[in-house]
There are 2 protein chains.
Amino acid sequence: TLARRSRGLATIHSQTSIFSPLDAFPERHIGPDEQEASLMLSKLGYDSMDAFITDAVPPKIRVATTSVDNVSIPALSESELLERAQALADQNKAFKSFIGMGYHTAVVPPVILRNVMENPAWYTPYTPYQPEIAQGRLESLVNYQTMVKSLTAMDFANASLLDEATAAAEAMLMAFISTAQKKRTFLVDSAVLPQTLPVLRLRAKGFGINIVVGDAVAALEDQNLRSDLCGVLVQYPDVNGSVKDFSSLAESVHSVGGLVICATDLLALAMLKPPGEWGADVVLGNSGRFGVPAGYGGPHAAFFAVTDKLKRKMPGRLIGKSRDAEGGPAYRLALQTREQHIRREKATSNICTSQALLANMAAMYAIYHGPAGIKRIANKVHGYTQAFTSAVASLGYSVENTAFFDTVTLDASHVSGGASAVHTAAAAVNINLRQIDDRLVGVTFDESVSPSQFVTLINIFASAASASQLSLEDIKEPIGSAIPEPLRRTSEFLPHPVFNKYHSETEMLRYIHHLASKDISLVHSMIPLGSCTMKLNSTSSMIPLTWPQFSAVHPFVPFDQVKGYQTIIKELEDDLCEITGFHSATLQPNSGAAGEYAGLCVIRAYHESRGEAHRDVCLIPLSAHGTNPASAHMAGLKVVPVKALQDGSLDLADLKAKAELHKDNLAAFMITYPSTFGVFESGVQDACKIIHDNGGQVYLDGANLNAQVGLTNPATCGGDVCHLNLHKTFAIPHGGGGPGVGPICAAEHLAPFLPRHPIMPAKGDQAIDSVAGAPFGSASISIISWAYVKMLGGKGLTDSSKLALLNANYMAGRLSGHYNVRYKNENGRVAHELLIDLADFSKHGLKVTDFAKRLQDYGFHPPTCSWPISTCMLIEPTESESLEELDRFCDAMIQIRQEAEDVITGKQPKDNNLLTNAPHPMSVIAKSEWNRPYSRQTAAYPLPWLVEKKFWPTVARVDDAYGDLNLVCDCPSVEELAA
Amino acid sequence: TLARRSRGLATIHSQTSIFSPLDAFPERHIGPDEQEASLMLSKLGYDSMDAFITDAVPPKIRVATTSVDNVSIPALSESELLERAQALADQNKAFKSFIGMGYHTAVVPPVILRNVMENPAWYTPYTPYQPEIAQGRLESLVNYQTMVKSLTAMDFANASLLDEATAAAEAMLMAFISTAQKKRTFLVDSAVLPQTLPVLRLRAKGFGINIVVGDAVAALEDQNLRSDLCGVLVQYPDVNGSVKDFSSLAESVHSVGGLVICATDLLALAMLKPPGEWGADVVLGNSGRFGVPAGYGGPHAAFFAVTDKLKRKMPGRLIGKSRDAEGGPAYRLALQTREQHIRREKATSNICTSQALLANMAAMYAIYHGPAGIKRIANKVHGYTQAFTSAVASLGYSVENTAFFDTVTLDASHVSGGASAVHTAAAAVNINLRQIDDRLVGVTFDESVSPSQFVTLINIFASAASASQLSLEDIKEPIGSAIPEPLRRTSEFLPHPVFNKYHSETEMLRYIHHLASKDISLVHSMIPLGSCTMKLNSTSSMIPLTWPQFSAVHPFVPFDQVKGYQTIIKELEDDLCEITGFHSATLQPNSGAAGEYAGLCVIRAYHESRGEAHRDVCLIPLSAHGTNPASAHMAGLKVVPVKALQDGSLDLADLKAKAELHKDNLAAFMITYPSTFGVFESGVQDACKIIHDNGGQVYLDGANLNAQVGLTNPATCGGDVCHLNLHKTFAIPHGGGGPGVGPICAAEHLAPFLPRHPIMPAKGDQAIDSVAGAPFGSASISIISWAYVKMLGGKGLTDSSKLALLNANYMAGRLSGHYNVRYKNENGRVAHELLIDLADFSKHGLKVTDFAKRLQDYGFHPPTCSWPISTCMLIEPTESESLEELDRFCDAMIQIRQEAEDVITGKQPKDNNLLTNAPHPMSVIAKSEWNRPYSRQTAAYPLPWLVEKKFWPTVARVDDAYGDLNLVCDCPSVEELAA
Ligand SMILES: Cc1ncc(COP(=O)(O)O)c(C=O)c1O
Ligand SMILES: Cc1ncc(COP(=O)(O)O)c(C=O)c1O
Ligand SMILES: O=C([O-])O
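Values in this document were obtained by computation on a predicted structure and should not be read as measured data.

## Details of the pairing of strand E4 (residues 210–214) of chain B
Phase 1 of the analysis: Of the pairings in the sheet, the one linking strand E3 (residues 185–189) of chain B to E4(B) comprises 5 bridges and is parallel in character. Its bridge partner lying in E4(B), B:Asp189 is registered against B:Gly214.

Below, the structure written as structure tokens:
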């Protein structure tokens with residue numbers, strides 16, 4: 001090994017002017033310095049980086065070295081970036097928004113802001129697929145599920161979806177499937193949030209669902225509609241603020257076998273009879289107002305809850321309780337068999353990355369406030385709305401909805417100038433109200449409104465009505481409730497101890513840190529998850545995110561208030577186009593999978609525009625990530641699999657045969673490049689040509705873009721559209737399973753079809769409907785990728801890809817001989833990740849899982865396991881890991897290989913050895929009795945450096961089957977604990 | 001026990017108006033809610049808080065309930081506070097300062113900012129007196145010591161002092177002592193930092209040292225001076241920027257047996273021959289520019305390094321390497337026997353709290369940049385200074401100092417209007433320069449200066465000289481060096497691996513988190529350190545601190561640029577006066593001990609002003625904290641100890657006798673109230689009267705103010721002046737051993753004597769000289785206490801004291817019967833802390849340490865041990881701990897008592913049992929062999945809740961004696977590691 005040496009700053013020698021900044025980002029971002037890189041190159045037999053890259057990346061797809069350089073993307077130093085970010089923040093105008101429509105200015109409890117949202121221990125881990133080293137955030141997500149379940153009064157809740165609009169679409173699909181895809185009419189009440197509708201429309205299209213929008217109660221009178229009805233979506237309270245009794249509607253829908261889907265608001269449910277008590281089958285919404293910044297649209301966690309009978313049909317991740325090998329309780333991801341990588345093209349949902357970090361924040365908010373605190377917040381919000389309503393009524397505004405929680409719709413007809421006079425008066429005092437029409441104005445209250453803002457708000461209405469100004473003393477405290485008696489909540493909520501203990505900041509802080517202490521994240525060691533690109537998420541890129549000028553912005557504010565945001569969005573889109581070689585981009589999709597779906601919809605729209613709407617076949621390699629076939633299905637495409645050759649490369653003959661066979665209906669080919677096997681295959685352009693020759697379009701899954709930047713690009717490879725995972729290549733942290741951003745970039749001929757949004761500037765009539773509730777998706781975290789790109793600059797971006805390739809090849813070199821590195825290219829090179837095959841060990845009773853769990857004992861998060869090949873591990877180091885860390889990981893793998901040898905030679909029994917018994921948590925090591933054929937010392941400290949730095953799994957191996965059989969997905973209540 | 005119940009928000013029922021804020025701070029700050037408080041009261045036999053308080057606090061010293069209430073100090077909610085703080089921040093003008101004089105705008109590496117300075121795991125621990133649960137920050141402080149040692153080329157460096165000025169005073173005392181206090185002349189070069197001088201002057205006074213200020217080289221010609229010389233202080237580079245060769249000066253001073261003390265700058269030492277190479281005996285300075293915000297004066301860590309022969313005389317804390325019970329390496333505080341609580345009135349230094357957090361930041365900065373990075377920064381700073389000098393020379397400004405590092409003094413005589421024209425031009429573009437006189441202007445560069453600021457700066461000089469404006473292109477890159485050849489550094493620095501590894505952000509992040517993971521802090525569990533008041537440090541109070549408008553402010557800027565800061569300072573001073581009952585306050589002292597010294601100097605000045613300069617006797621109870629007699633000694637007072645009675649109270653008869661005996665010379669009486677034994681004694685006013693009757697003044701040590709707020713106050717108790725530890729009662733976090741703020745509050749007759757400062761508004765000629773380098777001490781962290789006071793409001797402050805008393809009495813109740821609670825008042829009540837006496841266990845071989853170390857196995861930081869009584873533990877819970885946490889701690893103590901019983905009854909051997917073997921780190925539990933008379937399980941998990949939440953000590957019991965014998969206080973070098 002080359003490790004245990006000291007390293008210098010990579011670019012120390014290149015300081016040519018005293019005026020060059022000293023805080024250039026590339027040398028902090030890239031793990032190995034130049035000396036280390038040379039060492040690694042020489043180990044691999046190269047004397048230059050260029051020679052290595054030429055061997056690793058097929059020359060025919062290489063792009064000019066100027067395509068991504070410091071001219072095309074100039075580099076800012078860290079302090080320059082922060083200065084620029086501040087200047088852009090200052091261009092966003094700090095208006096107070098009373099717009100509502102599902103987005104609120106949350107009050108983030110400072111202890112949660114700093115210790116969850118701004119804490120790398122919470123924002124850098126991956127999805128908790130390895131439960132033994134993820135009990136902290138698994139517990140937190142169970143808290144979230146419990147919170148949702150309790151507030152909605154449903155039986156099961158999942159661990160979050162991307163946003164309210166896509167959650168509604170997922171629910172629609174559940175309704176469709178629950179009729180065995182026979183009934184195709186889905187009724188949407190006209191008072192749902194307007195941004196939900198286009199998302200439903202686009203999703204409905206792929207499945208041939210027929211959406212009917214109208215007054216739901218009235219529409220249900222129609223027998224034709226009833227006979228084909230799969231479900232109904234209502235909003236509770238609705239977009240105008242009205243709170244309606246949907247119990248007879250529910251009965252009516254159930255009587256024809258449909259599902260009742262209720263979009264709602266968690267805070268309102270502190271006061272409203274919960275949907276679970278009046279017959280809803282699916283309840284969903286945005287949990288953002290539980291302490292998550294508005295962020296110009298997101299990210300926020302959508303919640304999703306169902307009745308018991310639907311629990312195994314629920315999309316998204318579900319955390320359940322199981323037991324570990326010692327019989328103790330342990331959480332883990334439940335029902336993994338349902339995930340799209342198993343259901344593939346039969347899946348009706350492609351959700352993968354969701355919104356774990358934001359779900360955790362919302363759960364922590366509920367824990368911090370507890371039921372009493374949440375009631376108090378609901379009381380305030382409702383009380384302000386009542387007091388406001390009385391005050392403006394006395395100014396002559398009539399209120400359209402008498403039953404409300406936090407939102408009222410006011411008639412401004414009596415005002416000269418009508419609604420627009422009110423909006424003008426509002427703008428003059430930096431306030432946004434909901435724009436409805438010439439007559440009506442909407443006002444929504446949230447927790448953040450201060451008494452003085454309240455008075456300013458009322459005086460807008462006074463001014464518009466030419467009445468004299470009021471002061472706080474003029475306002476009467478409300479009495480009673482504006483919620484009709486039968487719709488008031490009578491049941492208690494959040495009785496579980498976890499929501500009733502941690503109310504002091506001290507206790508809250510300790511709970512947050514206690515949970516974090518159980519989990520491996522990037523603060524500990526490399527997380528070499530293939531296809532996940534777990535790289536450095538720099539502090540400089542994270543800092544601006546929580547500045548109020550970025551975090552407290554409503555997504556529907558007028559564009560002239562968000563010039564800073566718009567500049568960032570535009571610059572990031574432009575840079576992504578530069579990098580991918582494409583023409584246009586959109587940041588709307590909230591995950592990679594959402595990007596895939598959007599991209600395929602764009603392809604469909606393109607075909608349609610050319611009168612080829614019938615093209616509906618999508619070729620997808622068998623090795624593709626499960627989201628690919630799932631997304632294709634959702635876009636209404638028929639998936640036809642394509643084989644791979646023995647050497648891992650695409651079977652071009654099979655591709656050609658299938659393309660030609662489906663020639664008339666060929667819509668698309670979806671390919672990941674470099675392939676999910678971790679190789680750049682040289683035939684990619686040929687493959688794309690075959691597709692184009694047969695009338696298809698090429699969708700490039702950009703999950704592996706980290707191997708490409710500045711070396712090749714999706715356009716050069718032959719693609720027409722691609723998505724990128726900003727939470728992979730572009731350094732948005734994974735947040736323990738989200739947030740993510742999955743922008744798509746498209747060639748010029750596809751650009752007109754990129755998604756529109758009801759509130760976005762006109763995009764032309766060829767644009768597809770939106771794929772997210774917010775116009776720019778999870779806008780706030782796009783800042784992270786923007787900062788990342790700007791700080792690396794073109795050269796740094798390209799160098800990052802080079803180092804990602806070098807790191808992976810160095811590891812392949814070290815592990816070869818010990819393990820079977822399954823695929824390499826003709827020059828013996830892998831791409832930015834490598835696949836090692838453990839199949840040979842199975843005859844000795846050792847499975848991939850055994851190696852993975854044993855790695856935990858060495859303080860490492862295991863690589864991606866059993867995907868894309870069940871007997872393999874997919875290892876991706878990224879450019880951010882230093883040589884020493886690569887060596888530490890390789891040392892661990894090699895040591896485990898030796899431990900395995902003892903099993904193979906019979907020194908250690910097949911069923912009782914270091915691997916099959918792994919991981920070894922502290923509680924096992926500390927047991928008084930010890931009947932294993934190896935020592936505690938060997939179990940816990942197999943390599944010397946573990947003595948100084950050891951991360952302990954907190955439970956023994958978790959039993960998945962048990963948990964799935966006994967599905968428990970919420971916290972125990974007081975009664976259960978007592979029992 | 002009362003634990004395991006759920007708790008609600010304390011004030012949920014008091015929400016009388018919808019307009020009341022929902023984020024009132026008291027309910028988050030105070031651990032127990034009202035229901036828990038009632039439970040505790042009833043356990044103690046009270047039916048109301050009032051009844052309890054009446055029994056706990058002597059009625060005769062009680063103050064009116066209106067003295068500290070929401071009228072005298074109105075409460076702001078958390079969001080209101082943050083809004084106010086933002087408004088005040090906006091009142092500070094964002095000028096760029098080129099003032100120098102020891103303060104710089106640091107560039108804080110973002111990864112250090114967020115993960116050290118803004119991370120409670122780093123800012124909430126206490127001084128690492130318990131090394132087994134503090135190896136992380138001990139290692140970090142050793143890194144700091146190593147950094148200082150290496151850059152200065154000295155033999156030993158300590159773990160920080162309060163600031164450069166006080167460090168210089170400490171050095172002066174070392175010089176004085178090194179002549180056995182025989183030689184009284186201390187020579188100070190006239191080009192030292194001007195703020196250092198008054199601090200030296202005041203300190204010299206107490207010891208009768210005679211300070212001579214002048215050109216050091218010239219002054220040394222004087223034989224009279226030479227014969228009485230104990231030492232010389234020079235500044236290198238000096239305040240005007242000159243770099244001088246002091247090697248012959250050093251020889252000359254050594255030839256008469258004096259010490260050469262060099263105040264210097266760590267960054268300059270990357271280029272300058274280090275003082276250790278030209279004969280300095282003591283080297284000191286401010287490490288702030290190594291990544292610590294200027295903060296309007298602090299806090300920053302002063303560094304302090306000495307030659308080998310002085311190592312055991314060095315003031316402050318020294319971290320050394322020792323070994324643990326298993327023979328492994330372990331760090332710990334070295335030479336604790338030297339600390340003032342041992343040396344007491346013989347001490348010449350009273351340093352206790354120092355600047356650990358800032359020292360850690362500086363060390364992390366050096367680790368992040370490494371020697372190459374630091375050289376590069378020095379190059380930039382020097383290069384900018386050179387380029388600037390050439391540019392302004394061409395504009396006609398002559399440069400006074402040709403040898404310089406980062407500072408030049410320019411002659412502006414040729415400019416019409418002279419220096420003041422230059423300053424006017426600077427102010428017009430928001431730039432501050434150093435004001436010297438009508439002719440000279442000082443300019444200092446630091447790492448933060450950007451090229452555009454550089455150009456703006458030059459153009460100030462162009463404008464003033466009526467020359468045309470320059471642009472960056474006009475500036476020539478410097479060649480060569482402005483440091484004379486013989487003064488250039490040739491030796492390498494920071495060769496140790498720790499400074500040469502963690503240069504990528506990923507590696508840095510992991511190192512920071514790895515160290516933090518070894519240490520117990522408030523994020524884990526209560527830290528019941530008696531006399532230390534380890535309470536909640538709220539996030540809201542911490543947030544404003546790192547806003548640039550507060551953090552990037554030079555302490556010597558004109559007052560009109562810091563209106564926000566001045567408001568905060570004024571409001572905090574006023575509130576502290578309200579709370580203490582005194583007339584005036586100053587925030588200047590940087591620690592409690594510095595406050596004591598300042599207060600005693602004020603008393604001396606008062607006596608002097610009345611022609612009673614001879615009054616020099618200070619009565620101090622034997623139980624006083626060691627800083628008290630040390631401070632008295634430093635203020636030139638003679639300490640006369642006063643006895644305590646059997647019941648712990650002051651022996652009034654002894655006091656009276658001694659007061660009368662010393663009547664003619666009585667200067668002061670120093671008393672801690674409630675006493676260090678944890679009781680409010682009712683005789684305090686009588687005691688003070690005795691003192692006053694005999695012509696003395698009363699100094700009240702306010703360390704225990706947390707027991708008093710709103711219930712009594714130092715003025716009512718009879719005091720004339722007191723200090724407060726803002727890092728105790730007023731919630732500044734302890735930072736692992738500092739920063740601290742030790743303001744003093746004084747009665748009206750003493751107010752005229754409060755310290756002045758060279759740059760502070762005139763204070764009248766009775767003011768004493770300053771006690772710190774910065775006018776308002778560690779101004780930036782005063783914001784934390786300001787926020788704390790404002791958010792609690794008067795009622796919350798008073799309630800906090802009540803709950804602090806209740807928590808302590810509840811614990812006394814639970815522990816009585818199991819342990820001997822040594823002192824209670826006549827009603828059976830303790831104050832806010834309790835003393836348990838473990839003397840009876842010693843005959844069974846169990847010492848206080850054994851109980852303390854065993855507590856670590858339960859996940860608790862032990863209470864204060866063996867102080868103020870060697871056989872005791874002093875336990876202070878604070879109001880922030882919840883009932884559940886109090887019970888957890890008491891459960892642990894009671895369980896340990898049972899474990900001790902097994903030793904007493906002989907079940908477990910005296911020398912091999914759970915207590916004497918404690919703590920049990922993971923590495924011990926995981927050992928293959930186990931030959932102890934108890935199980936691993938019992939060692940590691942003695943109580944059930946430890947299974948869920950266990951904090952592991954990382955080393956076994958540390959051997960102090962071994963470490964002191966083999967004093968090693970720096971990191972191993974590459975060579976040592978290889979050997
Ligand atoms: C190859 C590939 N495609 C698509 C995705 C889906 O991305 P997301 O999880 O953001 O939906 C992944 C995620 O791991 C992936 O590895
Ligand atoms: C009673 C008492 N007085 C004075 C001090 C000194 O305070 P500081 O450590 O801030 O110098 C302490 C510190 O622990 C103390 O407990
Ligand atoms: O997260 C993945 O399914 O790769």
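Further notes follow.
## Observations regarding the relation of the copies chain B and chain A
Phase 1 of the analysis: When chain B is brought onto chain A, the operation consists of a screw motion whose angular component is 180° and whose axial shift is 0.0 Å, with 0.0 Å RMSD remaining. Taken together, these values place the two copies in the relation of a two-fold axis.
Phase 2 of the analysis: Most of the interface of chain B is mirrored in chain A, where 100% of its interface residues are also at the interface.

## Quick look at the site of ligand 1
All names here are of chain A.
Phase 1 of the analysis: Ligand 1 sits among 15 residues. The nearest are Thr353, Ser531, Asp701, His727 and Lys728.
Phase 2 of the analysis: Residue serine 531 places a side-chain N or O atom 2.6 Å away from an oxygen atom belonging to ligand 1.
Phase 3 of the analysis: Within the side chain of asparagine 725, a nitrogen or oxygen atom sits 3.0 Å from an oxygen atom of ligand 1.
Phase 4 of the analysis: Tallying contributions element by element places helix H21 (residues 592–609) first for the shell around ligand 1, with 3 residues.

## What about the pairing of strand E7 (residues 282–286) of chain A?
Residue and element names in this part refer to chain A.
Phase 1 of the analysis: Counted residue by residue, E7 has 5 buried out of 5 residues, so it is predominantly covered.
Phase 2 of the analysis: Of the two faces of E7, the one lined by Val282, Leu284 and Asn286 and the one lined by Val283 and Gly285 are each fully buried.
Phase 3 of the analysis: Note that E7 and strand E8 (residues 302–306) share 5 bridges and pair antiparallel. Looking across to E8, one finds that leucine 284 is bridged to phenylalanine 304.

## Let's talk about the interface of chain B and chain A
Phase 1 of the analysis: On the side of chain A, 90 residues touch chain B, which itself brings 90 residues to the contact.
Phase 2 of the analysis: For the salt bridge of B:Glu881 with A:Arg510, the shortest nitrogen-to-oxygen distance reads 2.8 Å.
Phase 3 of the analysis: Inspection of the region where chain B meets chain A yields 36 residue pairs in polar contact (both at pLDDT 80 or more).
Phase 4 of the analysis: The leading source of residues in the side of chain B that touches chain A is helix H14 (residues 356–393) of chain B, at 11 residues.
Phase 5 of the analysis: Tallied by class, the residues present in the side of chain B that touches chain A amount to 35 nonpolar, 32 polar and 23 charged.

## What to know about the pattern of salt bridges
All names here are of chain A.
Phase 1 of the analysis: Summed over all chains, the structure comprises 96 salt bridges over all chains.
Phase 2 of the analysis: Among the ionic pairs, arginine 84 bridges to glutamate 571, the shortest N-O distance being 2.8 Å. Here arginine 84 is found in helix H4 (residues 78–91), whereas its partner glutamate 571 is found in helix H20 (residues 563–580), with 487 residues between them in sequence.
Phase 3 of the analysis: Given a relative accessible area of 28%, arginine 84 falls into the partly exposed group.
Phase 4 of the analysis: A salt bridge links arginine 897 to glutamate 901; its shortest N-O distance comes to 3.0 Å. Taken together, the positions of arginine 897 and glutamate 901, both in helix H28 (residues 883–904) and 4 residues apart, correspond to about one turn of that helix.

## What to know about the nonpolar core
Phase 1 of the analysis: A:Phe461 and B:Phe461 are the most contacted members of the largest nonpolar core, which has 531 residues in total.
Phase 2 of the analysis: The residues contacting A:Phe461, other than those within four sequence positions of it, are A:Phe388, A:Val392, A:Leu395, A:Tyr397, A:Leu410, A:Val422, A:Leu433, A:Val441 and A:Val443.

## A word on the site of ligand 2
All names here are of chain B.
Phase 1 of the analysis: Looking at ligand 2, there are 15 residues lining it, with Thr353, Ser531, Gly592, Asp701 and Lys728 nearest.
Phase 2 of the analysis: Between ligand 2 and asparagine 725, the relevant distance is 3.0 Å, taken from an oxygen atom to a side-chain nitrogen or oxygen of the residue.
Phase 3 of the analysis: Across the complex, the protein chains shield 98% of the 390 Å² of accessible surface that ligand 2 would expose by itself.
Phase 4 of the analysis: Among the elements that make up the shell around ligand 2, the one with the highest residue count is helix H21 (residues 592–609) (3 residues).
Phase 5 of the analysis: Among the residues forming the shell around ligand 2, the class breakdown is 4 nonpolar, 8 polar and 3 charged.

## With respect to the sheet that holds E4(B)
Residue and element names in this part refer to chain B.
Phase 1 of the analysis: In spatial order, the strands read E2-E8-E7-E6-E5-E3-E4; together these 7 strands make up an open sheet with mixed pairing. Because the sheet does not close on itself, it has two edges, and the strands there are strand E2 (156–157) and E4.
Phase 2 of the analysis: In this sheet, strand E7 (residues 282–286) lies alongside strand E6 (residues 259–264) in parallel orientation, the contact comprising 4 bridges. Each bridged residue has a counterpart across the sheet, and for isoleucine 261 the counterpart in E7 is valine 282.
Phase 3 of the analysis: Packed onto the sheet, helix H7 (residues 135–152) meets E2, E7 and strand E8 (302–306) and runs at close to 65° relative to E8.
Phase 4 of the analysis: Docked against the sheet, helix H12 (residues 247–255) engages strand E5 (229–236) and E6, running at close to 145° with respect to E6.

## Focus: the side chain of A:Thr506
Phase 1 of the analysis: Mapped onto the elements, A:Thr506 comes out in helix H17 (residues 505–516).
Phase 2 of the analysis: A relative accessible area of 4% means that A:Thr506 is categorised as buried.

## Side note on the packing of aromatic side chains
One pair of aromatic rings is described through two measures. These are the centre distance and the angle between the planes.
Phase 1 of the analysis: Applying the stated rule across the entire model yields 68 aromatic pairs over all chains.
Phase 2 of the analysis: Here the aromatic rings of A:Tyr103 and A:Phe556 are separated by 5.5 Å at their centres, their planes lie at 75°, and the arrangement is edge-to-face. Here the residue A:Tyr103 occupies a position in the loop between strand E1 (96–98) and helix H5 (110–117), and A:Phe556 occupies one in the loop between helix H19 (548–551) and H20, the gap between them amounting to 453 residues.
Phase 3 of the analysis: For A:Tyr103, a relative accessible area of 7% translates into the label buried.
Phase 4 of the analysis: Accessibility expressed as a relative area gives 11% for A:Phe556, which makes it buried.
Phase 5 of the analysis: Grouped by ring-pair contacts, the aromatic residues A:Phe19, B:Phe98, B:Tyr384, B:Phe388, B:Tyr397, B:Phe445, B:Phe454 and B:Phe461 constitute a single cluster.
Phase 6 of the analysis: The positively charged end of A:Arg28 is found above the aromatic ring belonging to B:Tyr368, 3.5 Å away from the centroid.

## Considerations on the environment of B:Gly648
Residue and element names in this part refer to chain B.
Phase 1 of the analysis: Structurally, glycine 648 is set in the loop between strand E17 (638–642) and helix H23 (652–661).
Phase 2 of the analysis: For glycine 648, a relative accessible area of 3% corresponds to the buried category.
Phase 3 of the analysis: Separated by 31 residues in the primary sequence, glycine 648 and valine 679 place their C-alpha atoms 7.9 Å from one another.
Phase 4 of the analysis: Not counting chain neighbours up to four residues away, the residues in contact with glycine 648 comprise Phe677 and Tyr823.

Rules behind the numbers
Residues numbered from 1 in each chain as written. Chains lettered and ligands numbered in written order. Predicted model: local features only at pLDDT ≥ 70, side-chain atom pairs only at ≥ 80, totals over all residues. Heavy atoms only, no water. Pairing = 2+ DSSP bridges. Helix = DSSP H or I, 4+ residues; strand = E, 2+ residues; numbered from the N terminus. Least-squares fit on C-alpha atoms with pLDDT ≥ 70 in both. Contact = heavy atoms within 4.5 Å. Near = heavy atom within 4 Å. Polar contact = N/O pair within 3.5 Å; in protein donor to acceptor, adjacent residues only side chain to side chain. Buried < 20%, exposed > 50% of the residue type's maximum accessible area, 1.4 Å probe, protein only. Salt bridge = Lys/Arg side-chain N within 4 Å of Asp/Glu carboxyl O. Nonpolar A, V, L, I, M, F, W, Y, C, P; charged D, E, K, R; others polar. Core = buried A, V, L, I, M, F, W, Y, C linked by side-chain atoms within 4.5 Å. Areas by Shrake-Rupley, 256 points an atom, 1.4 Å probe, with all protein chains shown as cover. Axes fitted to C-alpha atoms, helices over the stretch in contact; angles between N-to-C directions. Phe/Tyr/Trp six-rings, centres within 6.5 Å; stacked < 30°, edge-to-face > 60°. Lys NZ or Arg CZ within 6 Å of the ring centre and 35° of its normal.

Function-wise, these values are silent; they only describe arrangement.
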